[in-house]
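Listed below, chain by chain, are the residues.
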Amino acid sequence: MTSGDSLGPMSASGRSQDVPFGRVLTAMATAFAPDGSVDLDGTAAIAAHLVATGHDGVVVSGTTGESPTTSVSEDGDILAAVREAVGADAVVVAGVGTNSTAHSVELAEQAAKLGADGLLLVAPYYSKPGQAGVLQHFRAVVGATDVPVMLYDVPGRTATQIALETYEAAIELEPVVAVKDAVGDLARGVRLTQMGYAVYSGDDEANLGWLAHGAVGMVSVVGHVAGPRLRTMVDAWLAGDTAAALAAYTATMPAVDAVMGAANYGATTAKAGLQLLGVLDNRRVRGPLVELDDDEVAALRAGLVAAGLLD
């Protein structure tokens, strides 16, 4: 039996009951116009590019989408544009996590009205609540809609790690079905699968390791430039061809290092990569981020060339 044999029937978008949001997703960048406003056409083009290059879905208004700098109305416009761009062919998950419970509830309600397939709910950041506060936040936001929820654990950004006891309580909330894990503790992730979570890798360096530890897929950043390679890796793993999966993973590592290894990484490297691929004609970001300089772009290009993703 391969690692995919126990799964239920798959939809056209790669979803089943056990794989609620598909397997290959990217937390996509948000394009900006010269005046700093959201470029909805450019953002839709990013989404279309991702779906055309092996993705089952996209996450909008996450960290890579620069959500800390976008307004509620902008998040709604982004979601609507991406939903229209990909139609029913892909999953669209809306980031709704903030450090304000009321703000997150507002975003969740808006996302539900605009047809999001899922919500990405990060642990509340900066305020550093205790676990009782984290769980209270989750209950309020999850309870605002019936849209399936993927929790997001990324203590490097939030300064708060979700405790296993909090996970045990949260999985009792019916819409909670998955977690994007960027903690990096693979054994801990096995415990999450045992609780009933569909685990998604939130760290491109660990994508293959997560699959080996029971994850159903990944929410990537390097997927902006390496979608087909990620698809090859996942499909090989599910077919039981671990050697081919390892080969695809290994070949992608120069791109992972280039996209995620720079000090000024994330939205900046994703958009510069999209510019190198011709998907965008710019790499504009909002402050406090600054776009890659020429030397950083050259290093990124070298990584993509070394990975065989750019000539």
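Residues numbered from 1 in each chain as written. Predicted model: local features only at pLDDT ≥ 70, side-chain atom pairs only at ≥ 80, totals over all residues. Heavy atoms only, no water.

As annotated in an unreviewed UniProt entry, the protein chain carries the name 4-hydroxy-tetrahydrodipicolinate synthase and comes from Nocardioides lentus. The UniProt entry for the protein chain carries the following comment under Sequence similarities (unreviewed entry): "Belongs to the DapA family." In its Pathway (unreviewed entry) section, UniProt records this for the protein chain: "Amino-acid biosynthesis; L-lysine biosynthesis via DAP pathway; (S)-tetrahydrodipicolinate from L-aspartate: step 3/4." (UniProt positions renumbered as here; feature names shortened; annotations may be inferred.)

A. Representation of the overall build of the protein chain. For the protein chain, the count of helices and strands is 12 helices and 8 strands. Taking 19 Å as the expected radius of gyration for a compact globule of 311 residues, we find that the protein chain reaches 18 Å, a close match to that expectation. By its C-alpha atoms, the protein chain is 50 × 50 × 35 Å across when sized along the principal axes. Looking at the protein chain residue by residue over its 311 residues, the buried ones come to 54%. For the protein chain, the share of sequence-separated contacts (at least 6 apart) that also reach a separation of at least 24 residues comes to 68%. Considering the protein chain, the positive charge centre built from 17 side chains and the negative charge centre built from 36 side chains are found 2 Å apart. (Helix = DSSP H or I, 4+ residues; strand = E, 2+ residues; numbered from the N terminus. Rg over C-alpha atoms; globule rule 2.2 N^0.38 Å. Buried < 20%, exposed > 50% of the residue type's maximum accessible area, 1.4 Å probe, protein only. Contact = heavy atoms within 4.5 Å. Lys, Arg positive; Asp, Glu negative; His and termini not counted. Charge placed at Lys NZ, Arg CZ, Asp CG, Glu CD.)

B. Focus on the sheet that holds strand β8 (residues 217-220). Spatially, the 8 strands close up into a barrel ordered β1-β2-β3-β4-β5-β6-β7-β8, and their pairing is parallel. The average undirected angle you get between the axes of adjacent strands in this sheet is 25°. Across the sheet, helix α9 (residues 223-238) touches β1 (24-27) and β8, and the angle it forms with β1 is around 160°. (Pairing = 2+ DSSP bridges. Axes fitted to C-alpha atoms, helices over the stretch in contact; angles between N-to-C directions.)

C. How the structure looks around the pattern of salt bridges. Applying the stated criterion to the full structure yields 8 salt bridges. A salt bridge links aspartate 117 to arginine 83; the nearest nitrogen and oxygen atoms lie 2.7 Å apart. A residue pair is termed long-range when its members are at least 10 positions apart, and aspartate 117 in the loop between α3 (101-113) and β4 (118-122) and arginine 83 in helix α2 (residues 72-86) qualify at 34 residues. Residue aspartate 117 is classed as partly exposed on the basis of its relative accessible area, which comes to 21%. (Salt bridge = Lys/Arg side-chain N within 4 Å of Asp/Glu carboxyl O.)

D. Summary view of empty space enclosed by the protein. Evaluated as defined, the whole model comprises 2 cavities of 30 Å³ or more. Space inside the largest cavity adds up to approximately 70 Å³. Of all the elements in the fold, those that place two or more residues in the lining of the largest cavity are α2, β3 (91-95) and α3. Along the lines of polarity and charge, the residues of the lining of the largest cavity split into 7 nonpolar, 4 polar and 1 charged. Here the second largest cavity is characterised by a volume of approximately 50 Å³. (1 Å grid on protein atoms, 1.4 Å probe; cavity = no way out; pocket = protein on both sides within 12 Å on 5 of 7 lines; lining within 4 Å. Points joined across faces, edges and corners; volume = space filled by probe spheres on them. Nonpolar A, V, L, I, M, F, W, Y, C, P; charged D, E, K, R; others polar.)

E. Spotlight on the UniProt feature "site: Part of a proton relay during catalysis" (unreviewed entry) in the protein chain. The sites that UniProt annotates as "site: Part of a proton relay during catalysis" (unreviewed entry) are Thr63 and Tyr126. For the residues just named, distributed over 64 residues, the greatest C-alpha separation is only 14.1 Å, placing them together at one site. The subset of these annotated residues that lines the largest pocket comprises Thr63 and Tyr126. Here threonine 63 shows up in the loop between β2 (57-60) and α2.

F. Expanded view of the packing of aromatic side chains. The final tally for this structure, using the stated rule, is 2 aromatic pairs. With a centroid separation of 6.3 Å and an interplanar angle of 50°, the aromatic rings of phenylalanine 21 and tyrosine 200 are classed as tilted. Of this pair, phenylalanine 21 sits in the segment before β1 while tyrosine 200 sits in strand β7 (residues 198-201), and the two are 179 residues apart along the sequence. Each member of the pair, phenylalanine 21 together with tyrosine 200, is buried. Ring geometry for tyrosine 167 and tyrosine 197: centres 5.3 Å apart, planes at 80°, overall edge-to-face. One end of the pair, tyrosine 167, is in helix α6 (residues 164-170); the other, tyrosine 197, is in the loop between α7 (186-195) and β7, and 30 residues separate them in sequence. (Phe/Tyr/Trp six-rings, centres within 6.5 Å; stacked < 30°, edge-to-face > 60°.)

G. Up close: the environment of leucine 114. If you trace the backbone, leucine 114 turns up in the loop between α3 and β4. Ignoring anything within four residues of it in the chain, the contact list for leucine 114 reads Gly76, Leu79 and Arg83.

H. Looking closely at the pairing of β3. Counting buried positions along β3 yields 5 of 5 residues, so the element is predominantly enclosed. Residues Val91, Val93 and Gly95 point to one face of β3 and Val92 and Ala94 to the other, with burial holding for every one of them. Relative to β3, β2 runs parallel, the two being bridged by 4 bridges. Each residue of the ladder has a partner; that of valine 58, found in β3, is valine 92. You can see the chain leave β2, run along α2 and come back into β3, and the turn it takes is right-handed. (Right-handed = clockwise from strand over helix to strand, strands pointing away.)

I. Expanded view of helix α4 (residues 131-142). Here α4 contains 12 residues, and its C-alpha end-to-end distance of 16 Å stays within 8% of the 16 Å for a straight helix at 1.5 Å per residue. Regarding α4, the residues found buried are Val134, Leu135, His137, Phe138, Val141 and Val142. The arc that holds every buried residue of α4, seen down its axis, measures 155°, which confines them to one face. The exposed set on the far side of α4, more than 90 degrees from its buried face, consists of Ala132 and Gln136. Check the buried side of α4 and you find it contacts α3, β4, β5 (149-153), α6 and β6 (176-181). (Expected span 1.5 Å × (residues − 1). Arc of directions from axis to C-beta.)

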